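Examining the three-dimensional arrangement
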Amino acid sequence: MAFKLLTSVKDYALELLFPLKCAACRKETESKKKNKLICTDCLKLLSPSLDFYCPLCEAKTADGALCFSCRLIISNTETKFYLDRLFHPYSYKDPAIQRVIKAFKYQFIQGLEEPLGRLMSRYLGKINGKLDLNDYLVIPVPLHRRKYNQRGYNQSELIASKISQFLNLEMAADSLVKSKATKDQAKLKESERLKNLKNAYACSKPWLVSGKKVLLIDDVYTTGSTMAECAKVLKEAGASEITGLAIARG
């Protein structure tokens, strides 16, 4: 009882000194009983797109898989693409969703995984005709331990945890690890990104992944290099299918 009281007093004092603001519109929300991190008005405006696009060229597709042209190009080269399909409800060009993701990722505002997890879970419910989640294993894109220690958490893992909780899916966060520190992908040219990530990931528990359909979760999908490399590692460990899910596409 005393501990709860002290916690409440501490939270109240922090809100007085640092008033809570909506991560999307930056309006103060400390007087609201709920939706303090993303206000109710912004939650209503964050309407997900139910269209699907090719993971490589962004051509519109029926189910988020590679388009005919990209499949044809890949079939005539030695290149392999391991991500079976990609879903993303938002565009990173949307200023509101960009502010939310940056707040979560770079401003260390924990707690955003709750509203983001709910938004993503509702989106998955809306596209259940395209994606049957039965028997899917949820795996977040991992951080290298150095980056994890700097940030204190992995935003993709927090969101993945909420999705698995809301949709009652099994999660195996520790089955995929980032074993090599790499340069920040956002600061590299597209041609440098795949090279930067080569051999950066490993499947530490292949027995959990073998024969499984995997829902691979990240915050932002830009060139796709990160998800492509993670999907490669998981497929080589025996995963039967890899579906990528990102909050937004850049």
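Note: the structure precedes this text.
In short, a report on the structure. (Residues numbered from 1 in each chain as written. Predicted model: local features only at pLDDT ≥ 70, side-chain atom pairs only at ≥ 80, totals over all residues. Heavy atoms only, no water.)

Section: helix 10 (residues 225-236)
Where we set the bar: Secondary structure elements are defined from DSSP: runs of H or I of at least 4 residues count as helices, runs of E of at least 2 residues count as strands, and each element is numbered from the N terminus. Every helix has an expected span of 1.5 Å times one less than the residues it contains. For every residue, the accessible area (1.4 Å probe, protein chains only) is compared with the maximum for its type, and the residue is labelled buried under 20%, exposed over 50%, or partly exposed between those bounds.
End to end, helix 10 covers 17 Å across 12 residues, agreeing with the expected 16 Å (1.5 Å per residue, within 8%). Across the 12 residues that make up helix 10, a large majority, nine, are buried. The complete set of buried residues in helix 10 reads Ser225, Thr226, Met227, Ala228, Glu229, Cys230, Ala231, Val233 and Leu234.

Structural notes on the nonpolar core
Heads up, the condition is: To define a nonpolar core, start from buried Ala, Val, Leu, Ile, Met, Phe, Trp, Tyr and Cys residues and group those joined through side-chain atoms within 4.5 Å. In what follows, residue pairs with any heavy atoms lying within 4.5 Å of each other are defined as contacts.
Of all hydrophobic cores here, the largest spans 40 residues; its most connected members are Leu112, Leu116, Leu124, Leu215, Leu245 and Ile247. Taken together, the elements giving at least two residues each to this core come down to helix 4 (95-106), helix 5 (113-126), strand 5 (136-140), helix 7 (155-167), strand 9 (213-221) and strand 10 (241-249). With six residues, helix 4 is the single largest residue contributor to this core. Excluding its chain neighbours within four sequence positions, the residues that come into contact with leucine 245 are Leu86, Phe87, Met120, Tyr123, Leu124, Ile163, Leu215, Leu216, Ile217, Asp218 and Met227. In this structure, Ile139, Leu216, Ala231 and Ile242 belong to the second largest nonpolar core, which totals 32 residues.

Side note on helix 4
Owing to its 3.6 residues per turn, the α-helix brings residues three or four apart onto one side. Where we set the bar: Any N or O atom pair separated by 3.5 Å or less is treated as a polar contact, with the protein-specific requirement of one donor-capable and one acceptor-capable atom, and with residues adjacent in sequence counted only for side-chain atom pairs.
In this model, helix 4 (12 residues) spans 16 Å end to end at C-alpha, consistent with the 16 Å of a helix rising 1.5 Å per residue. Regarding helix 4, the residues found buried are Ala96, Ile97, Val100, Ile101, Ala103, Phe104 and Lys105. On its buried face, helix 4 sits against strand 4 (90-91), helix 5, helix 6 (145-151), helix 7, strand 9 and strand 10. Measuring from the side-chain oxygen of the N-cap residue of helix 4 to the backbone nitrogen of alanine 96 gives 2.9 Å; that N-cap residue is aspartate 94. Two residues or fewer after helix 4 comes phenylalanine 108, characterised by a positive phi angle close to 60 degrees.

What to know about the pairing of strand 10
Basically, it comes down to this: Strands were regarded as paired on the criterion that DSSP finds at least two bridges between them.
In terms of burial, strand 10 is largely enclosed, as eight of its nine residues are buried. As paired strands, strand 3 (residues 85-87) and strand 10 are joined by three bridges and run parallel to one another. Note that in strand 10 the partner of phenylalanine 87 across the bridge is leucine 245. Examined bridge by bridge, strand 4 and strand 10 share two bridges and lie parallel to one another. Looking at strand 10, one finds that serine 91 is bridged to arginine 249. Of the pairings in the sheet, the one linking strand 9 to strand 10 comprises eight bridges and is parallel in character. By the bridge assignment, aspartate 218 is partnered in strand 10 with alanine 246.

Remarks on the side chain of threonine 243
Looking at where threonine 243 falls in the secondary structure, it is placed in strand 10. Separated by 2.9 Å, the side chains of threonine 243 and arginine 85 make a polar contact. Here threonine 243 is in contact with Leu83, Arg85, Phe87, Leu131, Tyr136, Val214, Leu215 and Leu216, once residues within four sequence places are set aside.

Considerations on the packing of aromatic side chains
Rules: In summary, the pairing rule links any two rings of Phe, Tyr or Trp, Trp by its six-membered ring, whose centres are within 6.5 Å, and it sorts them by plane angle into stacked for under 30 degrees, edge-to-face for over 60 and tilted for everything else.
Applying the stated criterion across every chain yields a total of two aromatic pairs. With centroids separated by 5.3 Å and ring planes inclined at 75 degrees, the aromatic side chains of phenylalanine 52 and phenylalanine 87 adopt a geometry described as edge-to-face. Pair noted here: phenylalanine 52 is in strand 1 (residues 52-53) and phenylalanine 87 is in strand 3, with a separation of 35 residues, a long-range link. Considered together, phenylalanine 52 and phenylalanine 87 belong to a single accessibility category, that of buried residues.

So, unusual backbone geometry
Even without glycine at this site, asparagine 168 takes up a positive phi of about 55 degrees. Unusually for a residue other than glycine, asparagine 199 sits at a positive phi of about 60 degrees. Within the secondary structure, asparagine 199 is located in the loop between helix 8 (190-197) and strand 8 (201-203). Residue asparagine 199 is classed as exposed on the basis of its relative accessible area of 55%.

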